[in-house]
Amino acid sequence: MKVLQAIIIENDLEVIKLLKQFEMENSVLFSILDILEDCKNITKLINEKKPDVLFISRDEHVFDPKILNDLTVRKPKLLFASTNKCDAFEAFGFNAIDFLLKPLTTNSLIISIYKTIKYLEMETVFQDDVLGKIKTINALPQNFEYVSISSVDKIELLKMEDIIFCKADGKYTEFNTINNTVIISSRNLGEYTLSFNNNFFRIHHSYVVNIKYLVKIIKNNGLFCELKNGHVLPVAKRRQEEFMKFINHQ
């Protein structure tokens, strides 16, 4: 069972104390990444820390779900807590996993956390099933015109020719496109290796570049690729010779 990683939006010291105590006693289930007094700058923090869940107090905070639209990572699940049971209607309108009525209890917390973990596990099972089918399709001979980008809540097709470079980010992959957008996939970069056409080369453990958008090769205490969008990426030392052979045969 996974550890549920949470960002807490709460300014009630008693609630914060309870949550910290719960984390200490249930570290195999629950981990607090950060505690905030309000929703300011929450989008940036979510993009950086990639929480599984937002725990939001509705007593003093106004939550606008639109703030989640600018995320570049998977949207966290929502847990709401309030002293007013009427707030439950709004919470479930935001597709919250659960609503907790204050004062909180250890029992209510553990039920909500188990519910959230089980929900995430069901999503993962569904996603693994879909990804298995995608891998089967990608392993077949194809025209290499598109690559399938999968996240928890959707799968989209991206034109291969629109990809400038891909970056590994832990278990995620960032696709940087000619439209100056970044699309995040929940699959790691290695899983896309068979999908790329002959214009792509893995210059580094963390980077695959589309040679079509290579502007220049910089030799300065190593080898670097300058791409059309201005990014300068390093070529790993052990890949430099193979990379130059690849370039010369294009």
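Nothing here was measured: the structure is a model prediction, and the numbers come from that model.

The rules we used
Residues numbered from 1 in each chain as written. Predicted model: local features only at pLDDT ≥ 70, side-chain atom pairs only at ≥ 80, totals over all residues. Heavy atoms only, no water. Helix = DSSP H or I, 4+ residues; strand = E, 2+ residues; numbered from the N terminus. Buried < 20%, exposed > 50% of the residue type's maximum accessible area, 1.4 Å probe, protein only. Contact = heavy atoms within 4.5 Å. Areas by Shrake-Rupley, 256 points an atom, 1.4 Å probe, with all protein chains shown as cover. Pairing = 2+ DSSP bridges. Axes fitted to C-alpha atoms, helices over the stretch in contact; angles between N-to-C directions. Phe/Tyr/Trp six-rings, centres within 6.5 Å; stacked < 30°, edge-to-face > 60°. Lys NZ or Arg CZ within 6 Å of the ring centre and 35° of its normal. Salt bridge = Lys/Arg side-chain N within 4 Å of Asp/Glu carboxyl O.

S.K.: It is not clear to me how the overall build of the chain should be interpreted in this structure. Could you clarify?
M.R.: Helix and strand content of the chain: five helices and 15 strands. In the chain, buried positions account for 45% of the 250 residues. Taking the contacts inside the chain whose residues are at least 6 apart along the sequence as the reference set, 53% of them involve residues at least 24 apart. Roughly 14,000 Å² of accessible area belongs to the chain as shown, and the carbon and sulfur atoms make up 52% of that amount.

S.K.: Which parts of the structure should I look at to understand the sheet that holds strand 13 (residues 214-219)?
M.R.: In spatial order, the strands read 13-14-15; together these three strands make up an open sheet with antiparallel pairing. The open sheet has two edge strands with one neighbour each: strand 13 and strand 15 (232-235). Direction aside, the axes of adjacent strands within the sheet are offset by 25 degrees on average. In terms of strand pairing, strand 13 meets strand 14 (residues 223-227) through five bridges, oriented antiparallel. Paired with Lys216 across the strands is Glu226, a residue of strand 14.

S.K.: Which parts of the structure should I look at to understand the packing of aromatic side chains?
M.R.: Two aromatic rings are characterised by how far apart their centres lie and by the angle between their planes. As enumerated under the stated definition, the model contains eight aromatic pairs in all. Considering the side-chain rings of Phe22 and Phe30, the 5.7 Å spacing of their centres and the 70 degrees angle between planes classify their relative orientation as edge-to-face. Across the pair, Phe30 and Phe22 agree in class, each one buried. Plain terms: the ring middles of Phe201 and Phe243 are 5.3 Å apart, the flat faces sit at 50 degrees to each other, and that makes the pair tilted. Residue Phe201 is found in strand 11 (residues 200-204), and its partner Phe243 is found in helix 5 (residues 240-248); the two are separated by 42 residues along the sequence. Among the residues examined, Phe243 registers a relative accessible area of 0% and is labelled buried. The structure contains a cluster of three or more aromatic residues connected by ring pairs, namely Phe175, Tyr192, Phe196 and Phe200. Over the aromatic face of Tyr192 sits the side chain of Arg187, whose NZ or CZ is 4.2 Å from the ring centroid.

S.K.: Would you mind going over the sheet that holds strand 2 (residues 30-36) with me for this structure?
M.R.: Whether parallel or antiparallel, the strands of a sheet pair through hydrogen bonds between backbone atoms. The sheet built from five strands is open, its strands ordered 2-1-3-4-5 with parallel pairing. This sheet does not close on itself; its edge strands, each paired only once, are strand 2 and strand 5 (98-101). The average undirected angle you get between the axes of adjacent strands in this sheet is 25 degrees. Pairing geometry for strand 3 (residues 53-57) and strand 4 (residues 77-82), over five bridges, is parallel. Residue pairing in the sheet places Phe55 in a bridge with Leu79 of strand 4. Sheet strands in contact with helix 1 (residues 13-25) are strand 1 (4-9), strand 2 and strand 3, and its direction is about 155 degrees off that of strand 2. Where helix 2 (residues 42-49) meets the sheet, it contacts strand 1, strand 2 and strand 3, and its direction lies at approximately 150 degrees from that of strand 2.

S.K.: Please explain the pattern of salt bridges as it appears in this structure.
M.R.: Should the charged atoms of two oppositely charged side chains come close, the side chains can pair. Considering all chains together, one arrives at seven salt bridges under this definition. Residue Glu121 pairs with Lys118 through a salt bridge whose shortest N-O separation is 3.6 Å. With a gap of three residues between them, Glu121 and Lys118 both fall in helix 4 (residues 106-139), about one helical turn apart. Residue classification places Glu121 among the partly exposed positions, given a relative accessible area of 28%.

S.K.: Could you clarify how one ought to interpret the pairing of strand 3 in this entry?
M.R.: Each regular strand shows side chains that alternate between the opposite faces of the sheet. Among the five residues in strand 3, five count as buried, and that is most of the element. Here strand 3 shows two buried faces, one formed by Val53, Phe55 and Ser57 and the other by Leu54 and Ile56. Judged from the four bridges that link them, strand 1 and strand 3 form a sheet pairing that is parallel. Within the sheet, the bridge partner assigned to Ala6 lies in strand 3 and is Val53.

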